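These are the residues of each chain, in order.
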Amino acid sequence: MLASDKQRQALVNLFRTGTKLTYRKGEFIIRHGETPQGVFYIEKGRVKAYDITKYGEENLLIIRKSREIFPLIWAITGQERNVIYETLTPTTVWRLDPEKYLSYLYEHTFVLPPLLDMAIEMYRIHSERIINLEYRSARERLASFLLTMSKRFGNKKSGQVIIDVPLRHQDIASSINMSRETASREMSALERKGLIQTKNSIITIKDPAKLKAIIE
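Predicted, not measured: the structure shown is a model, and the values here were computed from it.

**Brief notes about the side chain of serine 144**
- Within the secondary structure, serine 144 is located in helix H5 (residues 138-153).
- Among the residues examined, serine 144 registers a relative accessible area of 9% and is labelled buried.

**Some details on the packing of aromatic side chains**
- Taken as a whole, this structure holds four aromatic pairs when the rule is applied.
- Ring centres of phenylalanine 15 and tyrosine 101 lie 5.8 Å apart, and the angle between their planes is 55 degrees; this geometry places the pair in the tilted category. You can see phenylalanine 15 sitting in helix H1 (residues 5-15) and its partner tyrosine 101 sitting in helix H3 (residues 98-107), a full 86 residues away along the chain.
- Classification of tyrosine 101 by relative accessible area gives buried; the value is 0%.
- A ring pair is formed by phenylalanine 40 and phenylalanine 70, whose centres lie 5.1 Å apart and whose planes are at 10 degrees; its orientation type is stacked. Here phenylalanine 40, found in strand S3 (residues 39-44), pairs with phenylalanine 70, found in strand S6 (residues 69-70); they are 30 residues apart in sequence, far enough to count as distant.
- We classify phenylalanine 40 as buried; its relative accessible area is 2%.
- Using a relative accessible area of 0% as the deciding quantity, one classes phenylalanine 70 as buried.
- Members of the aromatic cluster, each reached through a chain of ring pairs, are Phe15, Tyr41 and Tyr101.
- We note lysine 48 situated over the ring of tyrosine 50; from NZ or CZ to the ring centre the distance is 4.7 Å.
- For the cation-ring pair, lysine 65 lies above phenylalanine 153, with the distance from its terminal atom to the ring centre recorded as 5.8 Å.

**Some points on the sheet that holds strand S11 (residues 196-199)**
- Strand order in the open sheet formed by four strands is S9-S10-S12-S11, with antiparallel pairing between adjacent strands. Strand pairing shows two members of the sheet lacking a second neighbour, strand S9 (154-157) and S11, which therefore form its edges. Strand-to-strand twist in this sheet, taken as the mean axis angle between neighbours without regard to direction, amounts to 25 degrees.
- In this sheet, strand S12 (residues 202-205) lies alongside strand S10 (residues 160-163) in antiparallel orientation, the contact comprising three bridges. Directly across from isoleucine 163, in S12, lies its bridge partner isoleucine 203.

**What about the sheet that holds strand S2 (residues 28-30)?**
- Overall, antiparallel pairing links the four strands, which are arranged S2-S7-S4-S5 in an open sheet. Bordering the open sheet on either side are S2 and strand S5 (58-65), each of which pairs with just one other strand. When strand polarity is set aside, the average angle formed by the axes of neighbouring strands in this sheet is 30 degrees.
- Pairing of strand S4 (residues 46-52) with strand S7 (residues 84-87), which is carried by four bridges, proceeds in the antiparallel orientation. Residue pairing in the sheet places tyrosine 50 in a bridge with isoleucine 84 of S7.

**Thoughts on the pattern of salt bridges**
- Applying the stated criterion across every chain, the model contains 18 salt bridges.
- Between lysine 48 and glutamate 58 there is a salt bridge, and its shortest N-O distance comes to 3.1 Å. Residue lysine 48 is located in strand S4, and its partner glutamate 58 is located in strand S5; the two are separated by 10 residues in the primary sequence.
- Close ionic contact of arginine 124 with glutamate 128 constitutes a salt bridge, the shortest N to O distance being 2.9 Å. Of this pair, arginine 124 and glutamate 128 both sit in helix H4 (residues 112-132), four residues apart, roughly one helical turn.
- The structure contains a network of salt bridges with shared partners spanning Arg64, Glu68, Glu121, Arg124, Glu128, Lys151 and Arg152.

**Focus: the packing of H1 against H4**
- In contact at an axis separation of 8 Å, H1 and H4 are set at 95 degrees when each is read in the N-to-C sense. One finds that H1 runs roughly perpendicular with respect to H4. Where H1 approaches H4, its residues Gln7, Arg8 and Leu11 are matched on the opposing element by Pro113, Pro114, Leu115, Asp117 and Met118.
- Classifying every residue of the contact of H1 with H4 by side-chain character gives five nonpolar, one polar and two charged.

Conventions adopted
- Residues numbered from 1 in each chain as written.
- Predicted model: local features only at pLDDT ≥ 70, side-chain atom pairs only at ≥ 80, totals over all residues.
- Heavy atoms only, no water.
- Helix = DSSP H or I, 4+ residues; strand = E, 2+ residues; numbered from the N terminus.
- Buried < 20%, exposed > 50% of the residue type's maximum accessible area, 1.4 Å probe, protein only.
- Phe/Tyr/Trp six-rings, centres within 6.5 Å; stacked < 30°, edge-to-face > 60°.
- Lys NZ or Arg CZ within 6 Å of the ring centre and 35° of its normal.
- Pairing = 2+ DSSP bridges.
- Axes fitted to C-alpha atoms, helices over the stretch in contact; angles between N-to-C directions.
- Salt bridge = Lys/Arg side-chain N within 4 Å of Asp/Glu carboxyl O.
- Parallel < 35°, antiparallel > 145°, perpendicular 65-115°, else oblique.
- Contact = heavy atoms within 4.5 Å.
- Nonpolar A, V, L, I, M, F, W, Y, C, P; charged D, E, K, R; others polar.

This is the structure:
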């Protein structure tokens, strides 16, 4: 990471001059076709970013977590392609006027490293998503996806890894270019093998080494 604690805190302090908002699970922060009302900093919670395909299905793009900013691209370029932002958990955010945000960045380049860290992380995630499509079998793509999510949201406990974000089978399927039915079938197969466990859409990787062996 490029940013120091002091730089990250300066960015947080900027957003705390804005408006504090709280959302329940399943609420929309930005709806389909809606122009964002500002730039958001997540203080606590999880926010799913997705769009709707021409077939009417949700296509998961990324899940934002605490200490991240969205919509990151729109905040800089003003361009956003109908991305929907919906809370996956109870969430607290700070909303800042985009003009104030950009003005501060131009005048205080000291806070740019935290934004660069976020951009690099987003690039890494999307790169891994592209690499994931190189795997030939659905099981390999699923295993790769779960391992990627465990790096970003994983909590280790007794040799297992709990992916601390709710994931529906449709979210998984859209991320790795397969049907929901195939994703559900492959998830069930991994559960029968004792590699994962799912409860209330929270996935626990019970044997990370064996799951990794699928893609090696």
